[in-house]
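Survey of secondary and tertiary structure
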Amino acid sequence: MQSESSKVVANSQPICGWSEYLIGHHRDGLLVVILLCLIAYGFVMFNMTLAGDDWSAVWKEGNQYDVVVSLGRWLQRYIWMVFADKLFAPAFTLSFMVALWLVGGLLALRFLAVDDRFAGFAFLGLFVLTPFWAEMVNFKNNHPNAGLATLLALASGLLAWRMVQGQPLGLLKALSMGLASSLCLALSASGYQAMAPMAPMIFLLGWMRALLRNGFDEVAPTIFVKRLALMVVIFGCGIFLYGLSVYVTQTAYGLGQMAKGYALSGSLVSSTGELQMTLARFLAYFEQFLFSPQHLVPQFAKWLFLGLLAVYPLALIHRGSKQNPLNAVWYIGVGLLLACGFLVLPWLLGIMRTPNSYRYNGIVSLALVYAGFALLALEGAPRLLTGRLVKGLALTLILIFVFQHNAASFVTYNLNRRDWSIATRMIERIEAMSDLEAVTENGAKPLIVYPVGRLPTASERPYAMPAHAGPMDSSIVECGVLNCHPTRLYNLLQLSASNTIRYDRPTGRLRDKEVRRLFREPLSTMQPWPHPTSIKLLPEGILIVLLGDDVP
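Residues numbered from 1 in each chain as written. Predicted model: local features only at pLDDT ≥ 70, side-chain atom pairs only at ≥ 80, totals over all residues. Heavy atoms only, no water.

1. Brief notes about the overall build of the chain
Along its length, the chain carries 23 helices and 4 strands. Relative to its 552 residues, the chain shows a buried fraction of 53%. Pairs at least 24 residues apart make up 79% of the contacts formed inside the chain by residues separated by at least 6 positions. (Helix = DSSP H or I, 4+ residues; strand = E, 2+ residues; numbered from the N terminus. Buried < 20%, exposed > 50% of the residue type's maximum accessible area, 1.4 Å probe, protein only. Contact = heavy atoms within 4.5 Å.)

2. Considerations on unusual backbone geometry
A cis amide bond, omega 15°, links W529 with the succeeding residue P530. One non-glycine residue, A113, lies in the positive phi region at around 55°. Inspection of the secondary structure puts A113 in the loop between α6 (90–111) and α7 (117–129). When its relative accessible area of 39% is taken as the criterion, A113 is described as partly exposed.

3. Section: the packing of aromatic side chains
The final tally for this structure, using the stated rule, is 19 aromatic pairs. Taking 5.7 Å as the distance between ring centres and 40° as the angle between the ring planes, the aromatic pair formed by W207 and F224 counts as tilted. Of this pair, W207 sits in helix α11 (residues 198–214) while F224 sits in helix α12 (residues 221–252), and the two are 17 residues apart along the sequence. Neither residue differs from the other here; W207 and F224 are each classed as buried. The structure contains a cluster of three or more aromatic residues connected by ring pairs, namely F132, F305, Y312, F342, Y370, F373 and F401. A cation over an aromatic ring shows up here: R162 above the ring of F111, its NZ or CZ 4.7 Å from the ring centre. (Phe/Tyr/Trp six-rings, centres within 6.5 Å; stacked < 30°, edge-to-face > 60°. Lys NZ or Arg CZ within 6 Å of the ring centre and 35° of its normal.)

4. Observations regarding the environment of T500
Inspection of the secondary structure assignment puts T500 in the loop between α21 (489–496) and β2 (503–504). Relative accessible area serves as the criterion here: at 54%, T500 is assigned to the exposed category. Separated by 56 residues in the primary sequence, T500 and A444 have C-alpha atoms spaced 8.6 Å apart.

5. Overview of the sheet that holds strand β4 (residues 542–546)
If you walk across this open sheet you meet the 4 strands as β2-β1-β4-β3, and the pairing is mixed. Where the open sheet ends on each side, the last strands, each with one partner, are β2 and β3 (535–537). When strand β1 (residues 447–452) meets β4, the two strands line up parallel, connected through 5 bridges. Counted as the bridge partner of P451 is V545 from β4. (Pairing = 2+ DSSP bridges.)

Shown next as structure tokens:
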């Protein structure tokens, strides 16, 4: 017979069942990763002077909601409504996002049956700390939907993998898991499209691990075709459901025309020649990502990553060499094909768009690339190399990324403080102009701000994290507004101004050369900031600000 104490324990077991199921024996690694996250992101949590979405603070609330729906992120609209639109501090929203990332990572470890504790720690650490999150971290209003979209994308891929791998499922259960996977993918894309590639990526990661563990049985021709077809069907249904949901929500809110305008401004590929040019750009950017010095991550970190990446094909060759030649060629070929898909998928959303779309927020799923190849290396290395060497590579990468995040946050914070100070001094000069009231009709008309040039940047960055490098020309990390985004000067002035003056941007987008040509005469008598002649007010309500001679 059971004693009373044993009954209490038995009855209380389900209370902690979910946490025990999710964390398992990765508890120590999870605690270390949480500590590293506090070091990496703690400065942003409590010292965010200017968040990326502060630029939209001058918009009307309804317009912000309309914009995200027109961009296909209808779930983001409702998340913003729940989070009361910017009323929460970064300490809460960023913690919430990181917590969801960690939950997604723990789900991956559980579904993929990762038993090695250090491998689990390395996967979690690299996933939540890679520099590709740096831009997302600085958009406070996007923290909740980015975290939820990441979790849903990982859940989608893991459900699909569980459906095709392991013990055979009944028809009803298999259909239920496939439908749940498709729904999770659709919801993930509706929260933030850049997270959606993580669904097929985590599926491919599970497949690659199975290759290393079980050998040829995981890629026999019939199994390969079946799994590939199921992957296409499941994620294809998810994309269809997402597209259908976007159409319904945009129609319901009457935003079809606005959505068409955003699609056109994105310069979608419409001809074979444009597609070829875009593919060439894609290949160039991918080469920069792997080999270009100081692009996205320091070159030293790239060599460490390439070292981890190289372990996987070596492990494939080692395993394939034990089979007959024909099976070995098929086994190694399929394994390398899966790895190529795993590497290329993060860039898929930008393949049909202009270089401006290749930004940090668009390729955040590269975080899973770093984490995934580290996991494969740590599990495949003992047969080829000493485990300590691979562990050292992974741990060094994590420490480098912690330093990068912390240093970039500090530099960004100082640049934002500088830009606030400059904007305040500009406003003081503008408000002292004698003809201001007449031009603005006592504040009834806004001033249309035309920035010219940009503030000069230092030849060398203080830290080895050039976030504003290569195609990432929209980055706000470690790059000041007046250095990298002079067209946002009107936002900065509006955020700093008194209620008596309003600032706005010109209709349409003019390049710096066009602005200089349009205002050639007034610019001829002006000198760059902070010279007294650097700001000029025209009778038409146009405010020209000459920031510098450098072209943005």
